[in-house]
4 protein chains.
Amino acid sequence: MLIVMDKGVTEREIRSVIERIEQLGFKANPIPGAQRVAIGITGNQVPLDSEEFESMPGVKEAIRVTKPYKLVSREMKSEDTVISVRGRQVGGRELAIIAGPCAVESEDQAFAIAELVAKAGANFFRGGAFKPRTSPYSFQGLGEPGLKILAKVREQTGLPIVTEAMDAESVPLVEEYADVIQIGARNMQNFSLLKRVGKSRLPVFLKRGISATLDELLMSAEYLASEGNYRIMLCERGVRTFSDHARNTLDLSVVPAVKHLSHLPIMVDPSHGTGRRDRVAPLARAAVAVGSDGIMVEVHDHPERALSDGPQAMFPDQFAELVKEIRALAPLVSRVF
Amino acid sequence: MLIVMDKGVTEREIRSVIERIEQLGFKANPIPGAQRVAIGITGNQVPLDSEEFESMPGVKEAIRVTKPYKLVSREMKSEDTVISVRGRQVGGRELAIIAGPCAVESEDQAFAIAELVAKAGANFFRGGAFKPRTSPYSFQGLGEPGLKILAKVREQTGLPIVTEAMDAESVPLVEEYADVIQIGARNMQNFSLLKRVGKSRLPVFLKRGISATLDELLMSAEYLASEGNYRIMLCERGVRTFSDHARNTLDLSVVPAVKHLSHLPIMVDPSHGTGRRDRVAPLARAAVAVGSDGIMVEVHDHPERALSDGPQAMFPDQFAELVKEIRALAPLVSRVF
Amino acid sequence: MLIVMDKGVTEREIRSVIERIEQLGFKANPIPGAQRVAIGITGNQVPLDSEEFESMPGVKEAIRVTKPYKLVSREMKSEDTVISVRGRQVGGRELAIIAGPCAVESEDQAFAIAELVAKAGANFFRGGAFKPRTSPYSFQGLGEPGLKILAKVREQTGLPIVTEAMDAESVPLVEEYADVIQIGARNMQNFSLLKRVGKSRLPVFLKRGISATLDELLMSAEYLASEGNYRIMLCERGVRTFSDHARNTLDLSVVPAVKHLSHLPIMVDPSHGTGRRDRVAPLARAAVAVGSDGIMVEVHDHPERALSDGPQAMFPDQFAELVKEIRALAPLVSRVF
Amino acid sequence: MLIVMDKGVTEREIRSVIERIEQLGFKANPIPGAQRVAIGITGNQVPLDSEEFESMPGVKEAIRVTKPYKLVSREMKSEDTVISVRGRQVGGRELAIIAGPCAVESEDQAFAIAELVAKAGANFFRGGAFKPRTSPYSFQGLGEPGLKILAKVREQTGLPIVTEAMDAESVPLVEEYADVIQIGARNMQNFSLLKRVGKSRLPVFLKRGISATLDELLMSAEYLASEGNYRIMLCERGVRTFSDHARNTLDLSVVPAVKHLSHLPIMVDPSHGTGRRDRVAPLARAAVAVGSDGIMVEVHDHPERALSDGPQAMFPDQFAELVKEIRALAPLVSRVF
């Protein structure tokens, strides 16, 4: 249930509502960013009685929320969530272009790529220090030394850093060095990790699981929000189907579906979504055309030598060309870039 | 195997090659539209010896084709196939915008919608006279009277007609009234129908089956080509997956994949691909951005009264708005419209 | 709606009900095999009023049917449909073991295999004379000569013949020579074929499409029943999923689901369901254990030389071993064999 | 690579081989349970030279392993792995019947169910103390108090306890109270958890992810083995597909596929695999018939009051009936129970 307060509501009236909710054994979640004060109620197993709250002073309306996810739903908060990261706005008119290598392999590699993508126009840098790999014998990332390299990249280029945390234990390290914590597709339902990141002060980049429904993605976002972290960027990165011409099937129609059901920003990762560098540019253009708030793209200066996912990494000049195309496309979908 | 002939080749030399192929028990398929004469060999179960042909006069090269589909493969014919239909070009720079109702319901309905989509900028009209329906108790189409209405629509609007044939028996009727024969998703592997349409003089609009791989789609096109009909437009219309936020999952990355493997045009049907009218415009924009040769969109003047698929039919003004957006997008992907 | 008549109902009362249904513009379908007379009403788009019929003489009850399929639903007819074919009963206590090659390749091949499977214990013979093939260049079956061979096999072994019709045109030929008409997975929604076979006097073996839901399978059966042919055997033969360790994913839980929703028999084809001969026996055992009314298995005396689907054909001695295992299993699931 | 040692090999010769492997920078994994000593080499990115090892004293053969998983592959160890848990043998002739509630809800509930399933013939008890739930607002399990109840159940019934650990932090607690650590489907690729459980002295019950390929399942098992824990029971629990008549599609053909590729035991969970109690018994029978090493079944004395997954929990008398059926089936597949 969502309690919408009157415009001229007093602090005291707000406090009374919160106390009443807590007396009933539920959780009161003041909703950030609304033009007027609103309080979401969670933790109730059965629908609540709206009259119970509508008779309290300062309360304008008590609205029943019909979705299993509440805090992240459009019903709870009608305006788009815009997330500010070191001066960039994600979820507003500005497009986010997150680029960088799959994994941080060395300082030289990270700096070379960062310089190229910054020059081309990326506004975020990505790179994995902890890498979830299907095989225990594959390169698992540099760990903390990789995070340190990422922090230096930010220092030099000014680009905010997006990097993955694989478990609750590694979150503090990622928090120390990065600007956005990525939760990978395989961990979308790692609830222990979600609960820990929900307590972080950093925004989250939450990737859709390879076979997650939209409801499940939003429920995982709800885990984050229910712990207090509302700064969530969702990301479509391809789902697993029978279709075998690409590594995954990029489900672009999820973008308007998210916009319909949730106030959170949604991005697209065409690199994992296709698995082939020659498919990344057309699908990135399509992602912007369909209404995505940005893209995440893997770029490598020597993809043939990449320690992971080389075949899907763009060459730097391909990326620069793509950024130009997106710059031309952006105004057609009411975006600036 | 593909036999590429010399530039100054004589009719006689060509005939000799064809005769040699037939002597060996195979089929010779002269490839249309190539700058130079080429002859595809089909019907061989094992790879042929290229020297056998390269020693013949007039033969420039004998190229082994590595795909199971041959006549429709890029290997056989490197330039794009452009299909001319009453002055429109499909597969070239021009975008094809095919619009109309799911089913022809009456003359009034068809004319009302045709006038609106023509005015908005559609360059083809669609409408089903024979409707494949999951239930035997659903509206099955008007049959021949529906075809007659379509022919009248063409007369009045000048728009070429795309309509479905559901079986070999109905092909002659469709040929009599329409300009392009549609083969629906459920019939993509109806080989009897494919063989019959392969003998038609009309171009074909071949929809991808709901769970067809790209190879299977191209093999079905190969059935058409192997009977002599090379004027094939492919169409992505969504595949069936676990993802439940839309009726189907529109697999847009198949567009660059088709362009890579085949010389045939490929279009996108975002109406069936999403099943919801509010999703059609964003996905149609994405289809153009990803490189599609056109779109097929369902439009109805009174979707709430439509006898089939009402929820996915756009309102006429939504369609007009979409055409404007596509007009702006087209030049960014080197298209005119 | 289902009209259940009184036990002592007269012919005249039945006729009155049928006439009333037809006056209303609907179709009356007397339901075969019920202990008492019942009449299904189809063709109505909206629910009918039960009182309309319950006040007529001889009518015991008018039951609303809630499923989109009616004639094939358990609601319409609670007892199992048992189909008699040349003395064998399918759908009752007896298990049907349908065996034979994928395609009839020659008289010698067909006779050799038929003798082996008959001796091992098969009670039906299968073999394709018309073969739907993904590639136009693959062996497409012997056609009518193949049907003649099948008829001779029946003459010699006494085994009833199951063989596929690929289109409405070939149905009369199949009717001439065979005992059961198979509709293949790719044709499950070939509605023209369904309507034609619905008018046949022969029973039908209807395979589930590779991505058909259970509702769609039952709706296709409804097409057959709505034309008057109630002698329908359903068959699960594997569905298409991401799972890549077998050619298809055999969906055995569809067997109890069919039993719950429909009165029709349901069989399992573990040969297409797995695509590998070493997987056929364990899955055939599982099919019997889960409650299938029988199995369809491909057997070849020289699988390495088979013109289609060799890798999934069992060797004759493997098949004989499997029949022994099924004989031991049958009594545990209240079956005889 | 697998180094197979001579029968009369000395400790010293073994040590030399291990030292040589480590000198090369790789990891030496002595393989447990083999009739003769064998040492698996992991950590090499490229194939090794077999001669390097075959010339060393005591070495019989150096075999290249062609699969990405090594330690869990049949190539590395041809005989079946049999896991001993408090006197029960899993993976041998004995069938494992693991039964109990989805979640431990109270001491009363756990004891009531445990008594019933023990009496019916279960040989393991299951029950979740930590529950991964899609919604943050659903019952998340009792935590340590739940584990204590489970330990008491073992004390009273003698049944070994299988229960889930959701993250690395909770593993020590689970180790303290339980006999087998379950890794749930959503955590199959939670590599941090896999690495921690790989260091445990307890056997593992590893569930296949909802969209995991067989290779991915075996790679996750390889994570466990590469840390030293070879006591791994795999479990098929249904995969996610378009098929909507059951909650998941139980992929029974994975059982013979696992037996072909790996030496590990494989079980089936028909409760999650179908999501409906009336489907559990037929699919459990099918699981035994297809060659599964056991089943995991959810049983609840009051499913209508269950705090999670009530609709799939069997009633105790249904379970007792199922155990009888399995007892009859077991000898037909060379099993005792």
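For clarity, every value in this text was computed on a predicted model and none was experimentally measured. (Residues numbered from 1 in each chain as written. Chains lettered and ligands numbered in written order. Predicted model: local features only at pLDDT ≥ 70, side-chain atom pairs only at ≥ 80, totals over all residues.)

### Here we look at the overall build of chain A
Okay, step 1: The helix and strand tally for chain A stands at 11 helices and 14 strands.
Okay, step 2: Rg of the C-alpha trace for chain A: 21 Å, near the compact-globule value of 20 Å for 337 residues, within the 12% margin.
Okay, step 3: Taken over the C-alpha atoms alone, chain A extends approximately 65 × 45 × 40 Å along its principal axes.
Okay, step 4: Taking all 337 residues of chain A together, the buried fraction comes to 56%.
Okay, step 5: Considering only contacts within chain A whose residues lie at least 6 apart along the sequence, 66% involve residues at least 24 apart. (Helix = DSSP H or I, 4+ residues; strand = E, 2+ residues; numbered from the N terminus. Rg over C-alpha atoms; globule rule 2.2 N^0.38 Å. Buried ≥ 20, exposed ≤ 12 C-beta atoms within 10 Å, placed from the backbone. Contact = placed C-beta atoms within 7 Å.)

### Some thoughts on the domain arrangement of chain A
Okay, step 1: According to the domain assignment, chain A consists of domain 1 (2–63) and domain 2 (83–333).
Okay, step 2: Here the C-alpha centroids of domain 1 of chain A and domain 2 of chain A sit 35 Å apart. (Domains from an automatic or database assignment.)

### Some words on helix α10 (residues 277–290) of chain C
All names here are of chain C.
Okay, step 1: Taking 1.5 Å as the rise per residue, α10 with 14 residues should run 20 Å; its terminal C-alpha atoms sit 20 Å apart, in good agreement.
Okay, step 2: Burial runs high along α10: 13 of the 14 residues are buried.
Okay, step 3: Once α10 finishes, Gly291 follows within two positions and takes phi at roughly 115°, a positive value. (Expected span 1.5 Å × (residues − 1).)

### Observations concerning the sheet that holds strand β4 (residues 59–63) of chain C
Sheet strands associate in pairs through backbone hydrogen bonding, adopting either a parallel or an antiparallel arrangement.
All names here are of chain C.
Okay, step 1: Strand order in the open sheet formed by four strands is β2-β3-β1-β4, and the pairing between neighbours is antiparallel. Each having just a single partner strand, β2 (27–30) and β4 make up the two edges of the open sheet. Adjacent strand axes in the sheet meet at a mean angle of 20°, parallel and antiparallel pairs treated alike. (Pairing = 2+ DSSP bridges. Axes fitted to C-alpha atoms, helices over the stretch in contact; angles between N-to-C directions.)

### Comments concerning the relation of the copies chain B and chain C
Mapping between the two chain copies consists of a rotation about an axis together with a translation along that axis.
Okay, step 1: Structural alignment of chain B on chain C gives an RMSD of 0.1 Å, achieved by rotating through 180° and translating 0.0 Å along the axis. Here the two chains are linked by the operation of a two-fold rotation axis. Taking the C-alpha atom as reference, chain B places B:Ser211 closest to the rotation axis, 3.1 Å from it.
Okay, step 2: When you check the interface residues of chain B against chain C, 100% turn up at the interface there too, and the contact is symmetric in its surfaces. (Least-squares fit on C-alpha atoms with pLDDT ≥ 70 in both.)

### Describing the interface of chain B and chain C
Okay, step 1: In this complex, chain B contributes 26 residues to the contact, which on the side of chain C involves 26 residues.
Okay, step 2: Those elements that provide at least two residues to the side of chain B that touches chain C are α6 (191–198) and α7 (214–226) of chain B.
Okay, step 3: Ranked by residue count, the leading element in the side of chain B that touches chain C is α7(B), at five residues.

### Some remarks on the pairing of strand β10 (residues 180–183) of chain C
All names here are of chain C.
Okay, step 1: Of the two faces of β10, the one lined by Val180 and Gln182 and the one lined by Ile181 and Ile183 are each fully buried.
Okay, step 2: In this structure, strand β9 (residues 161–164) lies alongside β10, joined through three bridges in parallel fashion. Pairing of Glu164 across the sheet is with Gln182, part of β10.
Okay, step 3: Once the chain exits β9 it traverses helix α5 (residues 171–177) before rejoining the sheet at β10, and the crossover so formed is right-handed.
Okay, step 4: Judged from the three bridges that link them, β10 and strand β11 (residues 204–207) form a sheet pairing that is parallel. Following the sheet pairing, Ile183 is matched in β11 by Leu206.
Okay, step 5: With helix α6 (residues 191–198) bridging β10 and its parallel neighbour β11, the resulting β-α-β unit is right-handed. (Right-handed = clockwise from strand over helix to strand, strands pointing away.)

### Observations regarding the interface of chain D and chain C
Okay, step 1: Facing the 31 residues of chain D at the interface are 31 residues of chain C.
Okay, step 2: Taken together, the elements giving at least two residues each to the side of chain D that touches chain C come down to α8 (254–261), α10 (277–290) and α11 (316–329) of chain D.
Okay, step 3: If you tally residues by element for the side of chain D that touches chain C, the top one is α10(D), at seven residues.
Okay, step 4: For the side of chain D that touches chain C, the per-class residue count stands at 17 nonpolar, nine polar and five charged. (Nonpolar A, V, L, I, M, F, W, Y, C, P; charged D, E, K, R; others polar.)

### Structural notes on the sheet that holds strand β1 (residues 2–5) of chain D
Residues and elements named next belong to chain D.
Okay, step 1: The four strands lie next to each other as β2-β3-β1-β4, forming an open sheet whose pairing is antiparallel. Across the chains shown, the open sheet's two edge strands, defined by having one partner strand only, are β2 (27–30) and β4 (59–63). Direction aside, the axes of adjacent strands within the sheet are offset by 20° on average.
Okay, step 2: Here four bridges tie β1 to β4, and the two strands are oriented antiparallel to one another. Residue pairing for β4: Val4 is matched across the bridge by Glu61.

### Overview of the relation of the copies chain D and chain C
Okay, step 1: Superposing chain D onto chain C takes a rotation of 180° plus a shift of 0.0 Å along the axis, which leaves an RMSD of 0.1 Å.
Okay, step 2: Looking at chain D, 100% of its interface residues are interface residues in chain C too, so the copies touch through the same face.

### Side note on the environment of B:His263
Okay, step 1: Checked against the element boundaries, B:His263 lands in the loop between α8 (254–261) and β13 (266–268).
Okay, step 2: As for B:His263 and B:Gly43, which are separated by 220 residues in sequence, their C-alpha atoms are 21 Å apart.

### So, the nonpolar core
Okay, step 1: Core analysis: the biggest nonpolar cluster contains 438 residues, and A:Leu252, B:Leu252, C:Leu252 and D:Leu252 have the highest contact counts within it.
Okay, step 2: With residues up to four places along the chain from it excluded, the contact list for A:Leu252 reads A:Val268, A:Ala286, A:Ala287, A:Val290, B:Leu250, B:Leu252, B:Leu283 and B:Ala286. (Core = buried A, V, L, I, M, F, W, Y, C linked by C-beta atoms within 7 Å.)

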